[in-house]
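Single-letter residue listing:
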Amino acid sequence: DKELDRAMVAHTDTHTDTAVGNGVDAVVEKVCSDELPVHSLERELGDCARAVLVRREWLKRQPGVASAEAVGRVPHEGFDYDAVHGACAEMVFGYIPLPVGVAGPLLLNGKTYQVPLATVEGALIASTRRGCKAITAAGGASAAVLSQGMTRAPVIRFPSAIRAAAFAAWMHDPANLAVAQEQFATTTRFGRLTSCRVTVAGRYAYARFVCATGDAMGMNMVSKGVSAVLDFLSAGSFGDLELLGLSGNVCCDKKAAAVNWISGRGCSVVAEATIPGHVVESVLKTTVDAACELNVAKNLIGSAMAGALGGFNAHASNIVTALYLACGQDAAQNVESSQCITLLEPANGGADLHVSVTMPSIEVGTVGGGTILAPQRACLEMLGVAGAGQEAGSHARELATVVAGAVLAGELSLLAALSAGHLMRAHLAHNRKPAAP
């Protein structure tokens, strides 16, 4: 690899110049023989881009790689690996490009957005854009944040169920919550403990801390603060507590759970629009009655028959995931962030269509995590929500409303397509390449 050879020969950092001076093969051999740890090449070589080049050569020689040539086809040039290191990924050997399209204009709360969506599902962006067109033609949608707070619920074991109950009683006392809030505040300038609810199961206590985290999604911030609270308690009134895990699954992160559906996590958002009947027919190509009938049969009854948990919608996760990928969010949180109930009702004597989505656990941030990467930050800048807002949490809240507004558009368009029998035709047009001659 001539590029690798040039890069390594040019590198002259004093702590690695001996290895580098021996040439590419020597460096790779040192990695393969464990003389240089492959997981810390960024630190050892002092250059993140060069570390990626070396790791690619190492990977080509490893068992479990069916094709060394395939490694070479994963792109690696033109990427800011310094931003990734220590923040977004480990053992990096390249990156995966994703197409990014735009759905809009979406008129929401009096502001127009062009919504970036990163996806490989043909017809998704076109369909969401059609929903945006219908909403904007109707005069726009409205959205409100009902609550905002990130959660962490450690699992704690006590010598007895009575002691677990005593811990719950202590945490539920407002005076004691104030003590916990003081301890939490010692770890962060931006986070604030707002409440805590303890669930007891025998000797086990699950304390679900709810925290304001500004414009950050906030999981790390909350974890640090909760650790400080537990350290304080274990050194005082609850020296017999045994922390089994900082997350006890009552948080509940990246899993479908009733606790998020009922109590919320991140931003709880509701969005709505009333679509005039003539727009339903001219843009969405269906009727008010047909769309409403399908929504009940599919999203309400069908989901209930399937035993859905927060899945009373047509495809909220499609839009949530695509927007998360474009905007540097934690894509795995689409699980709970996509919990949504979609409601369609005739309005104005049946002439028009009222549509709403209620999403209790949209987890987003505009600082930290993947938002530090330039392309993802650019997508946030498109929406006007990059970085911290003037008011703590304002950008995160606005982004959450955009998520809900885009889901509203996606739901409206897909339900219209299904009720009119157009879904397969759209996928054949946008999601299939013609066969090669």
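These remarks concern the structure in this document. No experiment lies behind these values; they were computed from the predicted model shown.

Parameters at a glance
- Residues numbered from 1 in each chain as written.
- Predicted model: local features only at pLDDT ≥ 70, side-chain atom pairs only at ≥ 80, totals over all residues.
- Heavy atoms only, no water.
- Helix = DSSP H or I, 4+ residues; strand = E, 2+ residues; numbered from the N terminus.
- Buried < 20%, exposed > 50% of the residue type's maximum accessible area, 1.4 Å probe, protein only.
- Contact = heavy atoms within 4.5 Å.
- Salt bridge = Lys/Arg side-chain N within 4 Å of Asp/Glu carboxyl O.
- Pairing = 2+ DSSP bridges.
- Axes fitted to C-alpha atoms, helices over the stretch in contact; angles between N-to-C directions.
- Parallel < 35°, antiparallel > 145°, perpendicular 65-115°, else oblique.
- Nonpolar A, V, L, I, M, F, W, Y, C, P; charged D, E, K, R; others polar.
- Expected span 1.5 Å × (residues − 1).
- Polar contact = N/O pair within 3.5 Å; in protein donor to acceptor, adjacent residues only side chain to side chain.
- Phe/Tyr/Trp six-rings, centres within 6.5 Å; stacked < 30°, edge-to-face > 60°.
- Disulfide = S-S within 2.5 Å.

### Thoughts on the overall build of the chain
Per the secondary structure count, the chain includes 19 helices and 11 strands. Its C-alpha atoms give the chain principal-axis dimensions of roughly 80 × 75 × 40 Å. Looking at the 437 residues of the chain, the share that counts as buried comes to 49%. Counting contacts in the chain only where the partners sit at least 6 residues apart, residues at least 24 apart contribute 70% of the total.

### Quick word on the pattern of salt bridges
Throughout the structure, instances matching the rule amount to 15 salt bridges. Taking the shortest distance from any N to any O, the salt bridge between Arg-265 and Asp-253 comes out at 2.9 Å. With Arg-265 in the loop between helix H12 (258–263) and strand S8 (266–275) and Asp-253 in the loop between strand S7 (242–245) and H12, the pair connects residues that are 12 residues apart, well separated along the chain. For Arg-265, a relative accessible area of 0% gives the class buried. On the basis of relative accessibility, which here comes to 14%, the residue Asp-253 falls in the buried class. Among the salt bridges present, the one from Lys-254 reaches Asp-330, with a minimum N-O distance of 2.8 Å. Of the two residues, Lys-254 sits in the loop between S7 and H12 while Asp-330 sits in the loop between helix H15 (316–326) and helix H16 (334–337), which places them 76 residues apart along the sequence. By relative accessible area, Asp-330 is classed as partly exposed at 29%.

### Here we look at the pairing of strand S5 (residues 192–201)
Note: S5 against strand S6 (residues 204–212), nine bridges, orientation antiparallel. Opposite Val-198, over in S6, you have Ala-207 as the bridge partner. Hairpin geometry of S5 and S6 is characterised by an intervening segment of two residues between the two adjacent antiparallel strands and by a positive phi of about 60° at Gly-202.

### Remarks on the pairing of strand S10 (residues 340–347)
Examined bridge by bridge, strand S9 (residues 311–312) and S10 share two bridges and lie parallel to one another. Considered in S10, the bridge of Gly-311 is made with Cys-340. Examined bridge by bridge, S10 and strand S11 (residues 352–362) share seven bridges and lie antiparallel to one another. Bridge pairing in S11 links Leu-343 to Ser-356. What sits between S10 and S11 in their antiparallel hairpin is a turn of four residues, with Asn-348 showing a positive phi close to 55°.

### Description of the packing of helix H8 (residues 124–137) against helix H18 (residues 394–420)
The N-to-C vectors of H8 and H18 enclose an angle of 105°; their axes lie 7 Å apart at closest approach. Accordingly, the angle class assigned to the pair H8 and H18 is roughly perpendicular. Where H8 abuts H18, its residues Ser-127, Thr-128, Arg-130, Gly-131, Cys-132, Ala-134 and Ile-135 lie against Gly-405, Ala-406, Leu-408, Ala-409, Gly-410, Leu-412, Ser-413, Leu-414, Ala-416 and Ala-417. Grouping the constituent residues of the contact of H8 with H18 by class yields 10 nonpolar, six polar and one charged.

### Section: helix H14 (residues 288–305)
The end-to-end C-alpha separation of H14 is 24 Å, in line with the 26 Å expected for 18 residues at 1.5 Å each. Taken together, the buried positions of H14 are occupied by Val-288, Ala-291, Cys-292, Asn-295, Asn-299 and Ser-303. As for H14, its buried residues are in contact with helix H13 (277–282), S9, S10, S11 and H18. Remark: Gly-307 follows H14 within two positions and exhibits a positive phi of approximately 70°.

### A few points about the side chain of Thr-188
Checked against the element boundaries, Thr-188 lands in the loop between helix H10 (174–185) and S5. For Thr-188, a relative accessible area of 16% corresponds to the buried category. Among the polar contacts made by the side chain of Thr-188, one reaches the main-chain amide nitrogen of Phe-190 at a distance of 3.0 Å. Separated by 2.9 Å, the side chain of Thr-188 and the backbone nitrogen of Gly-191 make a polar contact.

### As for the environment of Glu-293
Considering the arrangement of structural elements, one finds Glu-293 in helix H14. Spatially, the C-alpha atom of Glu-293 lies 22 Å from that of Lys-133, the residues being 160 residues apart in sequence.

### A short note on the side chain of Thr-187
One can find Thr-187 in the loop between H10 and S5. Engagement of the side chain of Thr-187 in a polar contact is seen with the backbone oxygen of Phe-184, the distance being 2.8 Å.

### Points about the packing of aromatic side chains
Note on aromatic pairs: each is described by the distance of the centres and the angle between the planes. In total, this model carries seven aromatic pairs according to the counting rule given. Between Phe-79 and Tyr-95, the aromatic rings sit 4.8 Å apart at their centres with planes inclined by 15°, giving stacked as the arrangement. Taken together, the residues span a long stretch of sequence, with Phe-79 in the loop between helix H6 (68–73) and helix H7 (81–84) and Tyr-95 in the loop between H7 and strand S1 (100–108) at a distance of 16 residues. With a centroid separation of 5.3 Å and 40° between ring planes, the pair formed by Phe-158 and Phe-167 is classed as tilted. Each member of the pair, Phe-158 together with Phe-167, is buried.

### With respect to the state of the cysteines
Throughout the structure, instances matching the rule amount to zero disulfides. Here Cys-88 is not disulfide-linked; the sulfur of Cys-48 is the nearest cysteine sulfur, at 12 Å. In this structure Cys-88 comes out as partly exposed when scored by relative accessible area, which is 32%. In this structure Cys-252 is not part of a disulfide, and its nearest cysteine sulfur, from Cys-251, lies 6.7 Å away. With relative accessibility at 4%, the residue Cys-252 sits in the buried group.

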